[in-house]
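# Structural features, examined
What follows is each chain in one-letter form.
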Amino acid sequence: MFRIFLSMDALTALIVIVALVALATVLGLTLRARGTRVASGCGGDEHQLSVEGAEVTLVQLSSPVCSACVAMRRVGSELAAADPTVAHREIDVLDEPDVARRHSVYSTPTTLVLDRDGHVRSRLIGAVKPADVRAAVDAARTREAVAA
Amino acid sequence: MSAATPNPNVTPSQPFGIDPRGPRFGASITAVLLLIVVLLGLTEPLGADLVARALQPSALLLTVIVALFAWGAFAGIEKHPYGAIYRRLIAPRLAPPTEREHPAPPTFAQLVGLLVTATGLVLHLAGVPGALVVAASAAFIAAFLNAVFAYCLGCQLYVLLVRLGVLRRSNPAA
């Protein structure tokens with residue numbers, strides 16, 4: 001059976017190679033398309049992580065082997081530096097594994113947007129564009145729409 | 001595993017980090033070499049004994065790739081020969097980098113590449129049919145994603161390892 005799989009003729013092998021490159025390309029395009037996104041309406045409380053006095057706290061879960069975390073750190077810290085009502089803090093996911101579990105964090109950077117009460121209002125996955133981060137921060141400033 | 005995830009707060013040997021295009025250049029070479037391994041592996045019959053399997057061209061080329069991954073993983077990405085080629089021949093022809101990267105993520109990627117390719121090579125030497133082709137294909141996909149899409153493997157794997165409990169803080173107070 002493996003005689004068919006291995007030692008195939010050169011043409012068949014070339015077709016397999018082309019298929020492998022095509023597969024990797026499709027995979028890359030898929031991963032890029034869902035690489036960064038904003039997930040809203042997440043729920044849950046993380047009082048212990050919110051910065052006291054801040055209207056909105058950005059809690060960035062990072063890893064030391066993650067290059068996109070550096071880009072996200074820049075966006076978050078610049079936003080916090082420009083706006084005193086916004087705080088940005090970064091934690092190693094290894095230090096807060098339970099937070100990662102509670103909020104279904106599967107990749108770094110994932111940034112939790114906490115309102116003044118410590119509610120998680122949205123999750124920013126990947127190195128999100130500054131404008132999208134600002135929109136998520138502004139949404140977290142408004143009172144949560146409570147049904148009944 | 002903790003040795004593979006150095007603290008980013010520790011000052012790297014180069015104060016401003018590395019040009020992120022360097023590791024991507026290296027990943028391009030690795031991807032092409034791995035594709036050649038797959039091509040050779042598909043067209044060659046599996047060697048009859050250990051010596052024959054070790055000396056078939058696909059296994060020889062994969063051995064070189066394994067050695068290069070080991071170099072990057074243990075000496076650090078900054079000391080990798082592809083990085084030296086990049087700095088000598090490519091970087092002077094390009095604009096200066098707009099951003100710099102910490103060397104830890106690409107070094108971690110080298111370790112992942114080492115684990116995948118070394119596993120394939122060992123299984124191939126043990127006589128497992130298809131092991132070389134499967135491992136080289138998997139490593140090719142990772143190298144291709146890195147080179148073409150700047151895909152950050154460490155961003156995904158680290159969280160999975162933490163959530164699976166593979167990575168743990170040795171000192172909770174740290």
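None of the values given here were measured: they were computed from a predicted structure.

Further remarks concern helix α2 (residues 10–33) of chain A. Helix length check: α2(A), at 24 residues, gives a terminal C-alpha distance of 35 Å against a target of 34 Å (1.5 Å per residue), a fit within 8%. Those residues of α2(A) lying buried are Ala13(A), Leu20(A) and Ala24(A). Where α2(A) is buried, its residues meet α1 (21–43) and α6 (131–149) of chain B.

For a regular strand, side-chain orientation follows a simple rule: the groups alternate between the two sheet faces. Residues and elements named next belong to chain A. Of all the six residues making up strand β5 (residues 120–125), six are buried; the element is thus mostly covered by neighbouring parts of the structure. As judged from the four bridges shared by strand β1 (residues 37–40) and β5, these two strands associate in the antiparallel manner. Across the sheet, Val38 pairs through a bridge with Leu124, a residue of β5. Examined bridge by bridge, strand β4 (residues 110–114) and β5 share five bridges and lie antiparallel to one another. Counterpart to Thr110 in the pairing with β5 is Ile125. Counting the residues between successive antiparallel strands, the hairpin from β4 to β5 contains five residues, one of them, Gly118, with a positive phi of roughly 85 degrees.

It is worth spelling out the sheet that holds β5(A) at this point. All names here are of chain A. Across the sheet, five strands lie side by side as β1-β5-β4-β2-β3; this open sheet has mixed pairing. Here the strands that pair on one side only, and so sit at the sheet edges, are β1 and β3 (86–92). Taking each pair of neighbouring strands and ignoring which way they run, the sheet shows an average axis angle of 20 degrees. Packing against the sheet, helix α3 (residues 67–82) makes contact with β2 (56–62), β3 and β4, and its axis sits at approximately 155 degrees to β3.

The subject of this paragraph is the interface of chain B and chain A. How big an interface is tends to be stated in terms of the accessible area lost upon association of its parts. Listed as interface residues are 38 residues of chain B and, on the opposing side, 32 residues of chain A. Put simply, the parts of the chain that give the side of chain B that touches chain A at least two residues each are α1, α5 (104–125), α6 and α7 (153–163) of chain B. Of the residues contributing to the side of chain B that touches chain A, the split by class is 26 nonpolar, eight polar and four charged.

Conventions adopted
- Residues numbered from 1 in each chain as written.
- Chains lettered and ligands numbered in written order.
- Predicted model: local features only at pLDDT ≥ 70, side-chain atom pairs only at ≥ 80, totals over all residues.
- Helix = DSSP H or I, 4+ residues; strand = E, 2+ residues; numbered from the N terminus.
- Expected span 1.5 Å × (residues − 1).
- Buried ≥ 20, exposed ≤ 12 C-beta atoms within 10 Å, placed from the backbone.
- Contact = placed C-beta atoms within 7 Å.
- Pairing = 2+ DSSP bridges.
- Axes fitted to C-alpha atoms, helices over the stretch in contact; angles between N-to-C directions.
- Nonpolar A, V, L, I, M, F, W, Y, C, P; charged D, E, K, R; others polar.

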